[in-house]
Amino acid sequence: MSAQLDNLLDYSVPELIQWCGNLGEKPFRAKQLAKWIHQSGMDNFDSMTDLAKSFRQNLNSRACIKAPSIISDNVSKDGTRKWLFDVGNGDAVETVFIPEERRGTLCVSSQAGCAVNCRFCSTGKQGFSRNLSTAEIVAQLWKANVLLREAGERVYAQERPVTNVVMMGMGEPLLNYDALGPALQLMLDDTAYGLSRRRVTVSTSGVVPFMDRLSQDCPVALAVSLHAPNDALRDHLVPLNKKYPLRELLDACLRYLKFAPRDFITFEYVMLKGVNDSDADAKELVRLLQGIPAKFNLIPFNAWEGAPYECSSNNRMRRFAEILNDGGFSAPIRVPRGRDILAACGQLKSASVRS
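Below is a summary of the structure that appears in this document. (Residues numbered from 1 in each chain as written. Predicted model: local features only at pLDDT ≥ 70, side-chain atom pairs only at ≥ 80, totals over all residues. Heavy atoms only, no water.)

## A look at the pairing of strand E11 (residues 221–225)
Counting buried positions along E11 gives 5 out of 5 residues, so the element sits mostly inside the fold. Neither face of E11 is open: one carries Ala221, Ala223 and Ser225, the other Leu222 and Val224, and all of them are buried. Sheet topology note: the strand E10 (residues 200–204)/E11 ladder contains 4 bridges and is parallel. Bridged to Ser203 within E11 is Ala223. Between E10 and its parallel partner E11, the chain crosses via helix H7 (residues 208–217), and the hand of that crossover is right-handed. In this sheet, strand E12 (residues 265–271) lies alongside E11 in parallel orientation, the contact comprising 3 bridges. (Buried < 20%, exposed > 50% of the residue type's maximum accessible area, 1.4 Å probe, protein only. Helix = DSSP H or I, 4+ residues; strand = E, 2+ residues; numbered from the N terminus. Pairing = 2+ DSSP bridges. Right-handed = clockwise from strand over helix to strand, strands pointing away.)

## What about the state of the cysteines?
Taken as a whole and judged by the stated rule, the model has 0 disulfides. Cys121 forms no disulfide, and the closest cysteine sulfur to it belongs to Cys118, at a distance of 6.3 Å. (Disulfide = S-S within 2.5 Å.)

## Some points on helix H11 (residues 314–326)
Under the 1.5 Å per step criterion, the end-to-end length of H11 is 18 Å for 13 residues, consistent within 8% with the ideal 18 Å. On its buried face, H11 sits against E12, helix H10 (279–288) and strand E13 (294–300). Count one or two residues on from H11 and you reach Gly328, which has phi positive near 100°. (Expected span 1.5 Å × (residues − 1). Contact = heavy atoms within 4.5 Å.)

## Here's the deal with the pattern of salt bridges
Applying the stated rule across the entire model yields 12 salt bridges. Residue Arg103 pairs with Glu100 through a salt bridge whose shortest N-O separation is 3.0 Å. It is possible to trace a salt-bridge network through shared partners that takes in Asp279, Arg316, Arg319 and Glu322. (Salt bridge = Lys/Arg side-chain N within 4 Å of Asp/Glu carboxyl O.)

## Here's the deal with empty space enclosed by the protein
Counted by the stated rule, this structure contains 2 cavities of 30 Å³ or more. Within this model, the second largest cavity holds a volume of roughly 30 Å³. In this structure, the second largest cavity is lined by His38, Gln39, Ser40, Gly41, Trp142, Asn145, Val146, Arg149, Arg160 and Tyr193. Elements supplying a minimum of two residues to the lining of the second largest cavity: helix H2 (27–39) and helix H5 (134–150). In terms of residue count, H5 provides more of the lining of the second largest cavity than any other element does, 4 residues in total. (1 Å grid on protein atoms, 1.4 Å probe; cavity = no way out; pocket = protein on both sides within 12 Å on 5 of 7 lines; lining within 4 Å. Points joined across faces, edges and corners; volume = space filled by probe spheres on them.)

## Quick word on the packing of aromatic side chains
Within the structure shown, the criterion is met by 6 aromatic pairs. The interplanar angle of 35° and the centroid separation of 5.2 Å between the aromatic rings of Tyr177 and Phe210 together place this pair among those described as tilted. In this pair, Tyr177 is assigned in helix H6 (residues 177–188) and Phe210 in helix H7, connecting sequence segments 33 residues apart. Judged by relative accessible area, Tyr177 falls into the buried class, the value being 7%. Both rings, one in Phe296 and one in Phe329, keep their centres 5.7 Å apart while their planes meet at 85°; by these two values the pair is edge-to-face. Placement of the pair is Phe296 in strand E13 and Phe329 in the segment after H11, with a sequence separation of 33 residues. Each residue in the set Phe267, Phe296 and Phe329 is aromatic and connected to the rest through ring pairs, giving one cluster. (Phe/Tyr/Trp six-rings, centres within 6.5 Å; stacked < 30°, edge-to-face > 60°.)

See below:
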């Protein structure tokens, strides 16, 4: 029985340096290897022409560069592209690319399913299966760059089409912290993807202890799924609030700001008709966040089969945003993307691969 090959997508650059060191290779060789993998999108060691032949032979016998296979690849009429990746054992995850005039944003999944079970989110309704590995997280970015480059996508005339990454796909990223950390490091490392901390965003429903850890280990931009102006409503919409209520969450946001690459926290707020969208709700939000540098991202609710909610009307969302603006907060209303292929916020849900 042959030995299992190490998937090099699983290693941050410092980890890859150590891995290569165990083969007797110097750090600069590991960095050359990282550039071939992450910058060139290469998965064939024999084509890495500036690596010594003996090193390539070693790589072929010990390692691989492997992304999960793609079950489906759909493109929306607005240009949004969604992939369904097979991560094995009947599990699949979705990844979404959102092209814009001056950037390309990739929405990456961190778990198969989600245990947080926010009431308005389709992903939570399928339940939680497992955490993704670092390789499975990074592979979504690696494969997206390869496929988009093949399709001729360019942003700023760069070789790699993805300029921004948001950990806003399936799952709660901070509940998979051990795999998330090395993945973020690869996204930021100049030897790999070279994204700035401002262009990588982790979205969380409010896992306070890991917000604190992230601020020390890898402080990227932070987005907090808020969705309610008080604990009573948030306990219902975001059950995690029962463990980490608003006061604890907001105190953690203030601590995070001391290390964050931006001078504000983004608060995501899904607009639910008759649930959290009244003038009184907006005014309560203004009072709640006084003293916290914040920006709101108002998200029209994207319906899914069996959803118990409806989206607020356009007039109601505009009035809600107006109250937040008057209270001193920027509050743009997000333009939904990819609705026709179920790629919009809250719609990501993968059926089992098994028949």
